[in-house]
Amino acid sequence: MEPLAAHHRHWQGTSFAAVPNINIAGLPGKLGMSSTREIGLFAIVDLVGHFGHRGVYDLLVQCGDSSRCAVVGVMTVPMSDRSGEPVSWTAQFGQFADDQALAYDRVLVPAVFASLAQRLAAVAVDSSVHSVLDVGTGSGVVARAIAARLQPGAQIVGVDLSPRFVELASEHIPPQGVSMRFQIADAVALPLADAGFDLVVCQHVLQFVPGLSGAIAEMVRVTAPGGHLWVVVWSELADSPLFAAVADLVERTWGSDAHEVFTTPWSLPVERIAAEMTGAGVKAVIVQRLTVDVEFDSAQEAMWVLVLSPVGRRVLGMGQRERETFAHDFAESIAPWTTTQARVRAPMTAWVVSGHRG
Ligand SMILES: C[S@@+](CC[C@H](N)C(=O)[O-])C[C@H]1O[C@@H](n2cnc3c(N)ncnc32)[C@H](O)[C@@H]1O
């Protein structure tokens, strides 16, 4: 425990110990614990294999009480490349300042995620559902859409890696009689009992989780026998023309590395998800396509898509002139989806994969 305490520093108002290049397998030993079971809330993302070539990595150990160093969460997160830029959406979500998290919740969620959340809730919830887990809940839009359909006495738990999102989700008031609880956790190491939920949902998260099979195995483990699992991810970028145009602009402006990071949400083949679910024992796996409209009040509002992405710092770092030119290029790029009322509306397609635990 001592060496960790010696490296304390602050990040997002929380005390962390930083240990670069740690070997995950040796983690409990380094924390002075005999096994991962002793870590109350255990969250690990091993992104090193994924982003190892990109630069700086930290192990962040969140300590509740530095004298006893009670560990409540452990994350390895690729924080940034050498210029300080976040190297993934997950790192970006984890680094959101308060105003960015609010912009995500107030602008991106209603524009991009809410209608899909409603559609998912409509197909996934029936009167037999009493306990629900929302994996990678973000600011809780899916959890809330589902909660609105649950009977009194039902409970829903939402987990997410980002402490800021967990806080935001917790601020929403649940429908009367339904219990909603949010906590920090990693999809690949859920701190939840086996078979505890009769519905497990996960919308637009698995694209960001390096251990896809681990995350799916965890979702299956916590699903009760006969319970249902629903996974949603965006389909190919070509099916989301507005975002494809924005991605083209990212590539023209900052090159292929920036494009690769920006387009992660559209990069997970649905066949992999279906195969992993089947392999993990999910029965009657069905894949469906679902198209919704995304809608922003203006091109300026749609720019949040970029500003809140891992390339956001490049936009924010521009001088006024440069930013005006860029905003003009952005508006031109998305002109085909800009209505005569200056709103921005475009179709966006997702894959919905479902099945039940045998
Ligand atoms: C695009 S948001 C989607 C949030 C929400 N499900 C929705 O539909 O609005 C992706 C979320 O996944 C979370 N996330 C990424 N990797 C994760 C992991 N390994 N475990 C838990 N959450 C993760 C991020 O913090 C973020 O909140």
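What you see is a predicted model, and the numbers here were worked out from it, not measured in a lab.

Enquirer: Give a description of the pattern of salt bridges that names residues and reports values.
Expert: In total, this model carries eight salt bridges according to the counting rule given. Across the pair Glu 167 and Arg 164 runs a salt bridge whose closest N-O atoms are separated by 3.0 Å. Here Glu 167 and its partner Arg 164 are both found in helix 7 (residues 163-170), three residues apart, which amounts to about one turn of the helix. On the accessibility criterion, Glu 167 (45% relative accessible area) is partly exposed. Take Arg 164: its relative accessible area is 10%, and that puts it in the buried class. We note a salt bridge from Arg 343 to Glu 295, for which the minimum N-O separation is 2.9 Å. Of this pair, Arg 343 sits in the loop between helix 15 (320-333) and strand 11 (344-357) while Glu 295 is found in strand 10 (residues 282-296), placing the two residues 48 residues apart along the sequence. Among the ionic contacts, a cluster of salt bridges with common partners joins Glu 295, Asp 297, Arg 343 and Arg 345.

Enquirer: Describe in detail the site of the ligand, supporting the description with residues and values.
Expert: Around the ligand sit 21 residues in total, of which Gly 136, Asp 160, Asp 186, Ala 187 and Gln 203 are the nearest. A distance of 2.8 Å separates a nitrogen atom of the ligand from a polar atom in the backbone of Ala 187. Relative to its unbound accessible area of 600 Å², the ligand is 98% covered by the protein chains. Because more than half of its atoms lie within 2 Å of the grid, the ligand is assigned to the largest cavity. Contributions of two or more residues to the shell around the ligand are made by helix 4 (89-95), helix 5 (98-124) and helix 6 (141-147). Looking at side-chain class alone, the shell around the ligand contains twelve nonpolar, seven polar and two charged residues.

Analysis parameters
- In this convention, every chain numbers its residues from 1, walking through the sequence in written order.
- Note on the predicted model: pLDDT of at least 70 is required for a residue's local features to be given, and 80 or more for side-chain atom pairs to be given and counted; whole-chain, interface and lining totals, by contrast, use all residues.
- Side-chain calculation: all heavy atoms of the structure are included, whereas hydrogens and water are not.
- Criterion for a salt bridge: a side-chain nitrogen of Lys or Arg within 4 Å of a carboxyl oxygen of Asp or Glu.
- Secondary structure elements follow DSSP: runs of H or I of four or more residues count as helices, runs of E of two or more count as strands, with numbering from the N terminus.
- Exposure classes here rest on a 1.4 Å probe applied to the protein chains alone. A residue is buried below 20% of its type maximum, exposed above 50%, and partly exposed in between.
- Nearness is defined per residue: one heavy atom within 4 Å of the molecule or strand is enough.
- Counting of polar contacts relies on pairs of N or O atoms within 3.5 Å, with two restrictions inside protein: one atom must be capable of donating a hydrogen and the other of accepting it, and residues adjacent in sequence are counted only when both atoms are side-chain atoms.
- To be clear on the numbers: accessible area is Shrake-Rupley with a 1.4 Å probe, and residue cover counts the displayed protein chains and nothing else.
- Think of a 1 Å grid over just the protein atoms. A cavity is a set of points where a 1.4 Å probe fits yet cannot get out, a pocket is an open set with protein on both sides within 12 Å along at least five of seven lines, and lining residues have an atom within 4 Å of a point.
- To be counted as sitting in a cavity or pocket, a molecule needs more than half of its atoms within 2 Å of that site's grid points.
- Classification used: nonpolar for Ala, Val, Leu, Ile, Met, Phe, Trp, Tyr, Cys and Pro, charged for Asp, Glu, Lys and Arg, polar for all others including Gly.

Purely geometric numbers; function is a separate question.
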